[in-house]
Amino acid sequence: MSFAEPQQKNMKFSLENELLSRRDFFSWAGTGLAGTALMDLLLRQQSVRGATPKQATVPVPHFSPRVKRVVHICLIGGLSHLDSFDYKPSLKKLHGKEMPTDKKPETFFGKVGLLRKNDFEFQQRGESGLWISELFPHIAAQADELTLIRSMKADSANHTPATFQENTGFRLNGFPVLGAWLSYGLGCETDELPSYVVLPDVRGYPAAGTINWSNGFLPAQHQGVPFQSEGPAIRDLFPERQISEQTELASRQLLNRFNQAHLERAGANSDLEARIRSHVLAAKMQLAVPRVTDLSGETAATRGMYGFDREETAPFARNCLLARRLLEQGVRFVQLFSGGPFGSPRINWDGHEDVKRNHLREATRIDQPVAGLLKDLRQRGMLEDTLVLFSTEFGRTPFTQSASNTVGTGRDHNMNGFSVWMAGGGLKHGISYGATDEFGWKSVEKVVPWHDYHATVLHLLGIDHTRLTWYHNGIERRLTNVHGEVLHEILA
């Protein structure tokens, strides 16, 4: 992106004409750069329409996409599939019995108590008859929209690497997350907003913080842009004080000369060029963000459907409604986090001590807002070309985290089998795919590793997961590494 130098007769500037303190200079320079970006927007001869230029080396989409945008609800801490989406009648019959196995199961905390029945009653829901528990009554009412995968498998029972794998396909940090790959491959349908927006839990960032929406080795423009979950969506979006028009115009001229000289020395695709693009985007966001994040125009019925009228649901309701508005405005990937950092007291889904109490609190916060989002997307005709993802890094054990002769109230981490769901365009709705064993301990039927999950998501967006790559450290890297099979059986 190049800057057009403002034209104004008899406009000259030198540092001798106006003496500035060091603090004033940096304030002036920062405002000037944002001003230059804003001028770039204002001087354009055509209105802002369509996608930004795609950066992928292989043009995408590779084939006709089923969907064009994604919203991902990411549950931090490990949702118990046994108490939500994976009904195991055997656990009720064997409640209080030992796990029938020849070898002691490996667990994160090394405690293998007795088997425990589900803490929330299951019912068959909708015309599809999917078994979903009363933990999520509002989501259960949308059962016929869901595509349940009950045979997920992760490679780590440790929260942070498991969450990395959920989002990047790798257990180590330094790799791009799904949203960054989509930004890189598909760009954005607007150039006023980022391709990838993150809406964290109001209680705090997940473990490892911003790494959870990292661009990894992809260009910096593809990293997730976090919005605040309360107060202004973006902090310091506007300068605290204004400077004169003359000073602002002069600063743009000076910075334009500095930038052009730097670009001539550094060449194309330099870090400076990336910074210039980010400031151009920031200027456009000054106009777009206040408009998109202003929820006052939404009807009382819409706000009530999301749960704005209840204190416990209002924060996530705001994020879900904002997600819909961002998708409407052309954002490619919106990620909502349910659950904050690990600590005491717990503020996420990590139900070691008491699954029933922990999960009831966390589910109450998100159940109605998520169901409201599904209903809202459907009634607006957006669900047909939107993909909704609902996932967690792993599940919980069928036996309790307690002494070997005790039925405790908490469950440990379980990477061997758990559940996630999808909804939206291109999917068979009201179905379940795969299965765990009779205890819900291990996935045994149509096992789905994260690479297959990611390959399927990319496929729905018209991307061949083997062809979306980035050359890094001598390797053509991709989201699915050297693995991945599309789950064709769940596709419509």
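Calculation notes
Residues numbered from 1 in each chain as written. Predicted model: local features only at pLDDT ≥ 70, side-chain atom pairs only at ≥ 80, totals over all residues. Heavy atoms only, no water. Helix = DSSP H or I, 4+ residues; strand = E, 2+ residues; numbered from the N terminus. Expected span 1.5 Å × (residues − 1). Buried < 20%, exposed > 50% of the residue type's maximum accessible area, 1.4 Å probe, protein only. Contact = heavy atoms within 4.5 Å. Axes fitted to C-alpha atoms, helices over the stretch in contact; angles between N-to-C directions. Parallel < 35°, antiparallel > 145°, perpendicular 65-115°, else oblique. Left-handed = near helix turned anticlockwise from the far one by under 90°. Nonpolar A, V, L, I, M, F, W, Y, C, P; charged D, E, K, R; others polar. 1 Å grid on protein atoms, 1.4 Å probe; cavity = no way out; pocket = protein on both sides within 12 Å on 5 of 7 lines; lining within 4 Å. Points joined across faces, edges and corners; volume = space filled by probe spheres on them. Phe/Tyr/Trp six-rings, centres within 6.5 Å; stacked < 30°, edge-to-face > 60°. Lys NZ or Arg CZ within 6 Å of the ring centre and 35° of its normal. Salt bridge = Lys/Arg side-chain N within 4 Å of Asp/Glu carboxyl O. Polar contact = N/O pair within 3.5 Å; in protein donor to acceptor, adjacent residues only side chain to side chain.

Within an unreviewed UniProt entry, the label attached to the protein chain reads DUF1501 domain-containing protein, and the organism entered is Gimesia chilikensis.

Let's hear about helix H9 (residues 314-328): which residues, and what values?
With 15 residues, H9 extends 21 Å from end C-alpha to end C-alpha; this agrees with the ideal 21 Å at 1.5 Å per step. Along H9, 12 of the 15 residues are buried, which leaves the element largely enclosed by surrounding structure. If you check which residues of H9 are buried, you get Phe316, Ala317, Arg318, Asn319, Cys320, Leu321, Leu322, Ala323, Arg324, Arg325, Leu326 and Leu327. Remark: Gly330 follows H9 within two positions and exhibits a positive phi of approximately 105°.

Give a detailed account of helix H11 (residues 450-460), specifying residues and quantitative values.
Within H11, 11 of the 11 residues are buried, leaving the element largely enclosed by the surrounding structure. Along H11, the residues classified as buried are Trp450, His451, Asp452, Tyr453, His454, Ala455, Thr456, Val457, Leu458, His459 and Leu460. Turning to H11, the residues buried within the fold contact strand E4 (146-153), helix H4 (159-168), helix H5 (178-186), strand E8 (386-392), strand E11 (418-424) and strand E15 (448-449). The positive-phi residue at the C-terminal boundary of H11 is Gly462, with phi of around 85°.

Mind laying out unusual backbone geometry, listing which residues take part and the relevant values?
Note the cis peptide between Ser344 and Pro345, where omega equals 0°. With respect to the helices, strands and loops of the structure, Pro345 is situated in the loop between strand E7 (333-338) and helix H10 (355-379). Positive phi is not limited to glycine here, since Asn481 has a value of about 55°. Relative to the elements of secondary structure, Asn481 occurs in the segment after strand E17 (475-477).

Describe the packing of H9 against H10, naming the residues involved and giving the relevant values.
It is at 8 Å that the axes of H9 and H10 come closest, and there the two elements cross at 20°. The orientation of H9 with respect to H10, classified from their angle, is roughly parallel. Relative to H10, H9 is oriented so that their crossing is right-handed. Between H9 and H10, the residues in contact are Pro315, Phe316, Ala317, Cys320, Leu321 and Arg324 and Arg365, Ile366, Pro369, Val370, Leu373, Asp376 and Leu377, respectively. In terms of residue class, the contact of H9 with H10 is made up of 10 nonpolar, no polar and 3 charged.

Requested: an account of empty space enclosed by the protein, with residues and values cited.
Rolling a probe over the atoms, with the probe sized like a water molecule, indicates the empty space that remains. Within the structure shown, the criterion is met by 3 cavities of 30 Å³ or more. Taken together, the elements giving at least two residues each to the lining of the largest cavity come down to H9 and H10. Residues belonging to the lining of the largest cavity are distributed by class as follows: 4 nonpolar, 2 polar and 5 charged. Here the second largest cavity defines a volume of roughly 40 Å³. For the second largest cavity, the full set of lining residues is Ile76, His159, Thr160, Thr163, Pro206, Ala207, Asn212 and Phe342.

Tell me about the packing of aromatic side chains, and please be specific about residues and values.
One pass over the full model with this rule turns up 19 aromatic pairs. Residues Trp181 and Phe217 carry aromatic rings whose centres are separated by 6.2 Å and whose planes lie at 80° to one another, so their mutual orientation is edge-to-face. Separated by 36 residues along the polypeptide, Trp181 in helix H5 and Phe217 in the loop between strand E5 (196-199) and strand E6 (225-226) bring together distant segments of the chain. Of the two residues, Trp181 and Phe217, both sit in the buried class. The rings of Phe170, Phe175, Trp181, Tyr184, Phe217 and Trp470 are connected pair by pair, giving a single aromatic cluster. One residue, Arg303, lies across the ring of Phe308, its end atom 4.5 Å from the ring centre.

Lay out the pattern of salt bridges in plain terms, naming residues and giving numbers.
Using the criterion set out here, one finds 25 salt bridges in the structure. One salt bridge in this structure joins Asp201 and Arg203, with 3.0 Å as the shortest N-O distance. The salt bridge partner of Arg310 is Glu312, with a shortest N-O separation of 3.0 Å. Among the charged side chains, a network of salt bridges with common partners joins Glu298, Arg324, Arg325, Glu328, Asp376 and Arg380.

So what about the side chain of Thr147? Which residues, and what values?
Tracing the backbone shows Thr147 in strand E4. Only 2.6 Å separates the side chain of Thr147 from the backbone oxygen of Lys428, close enough to count as a polar contact. Setting aside anything within four residues of it in sequence, one finds Thr147 in contact with Val420, Trp421, Met422, Leu427, Lys428, His429, Ile431 and Ile490.

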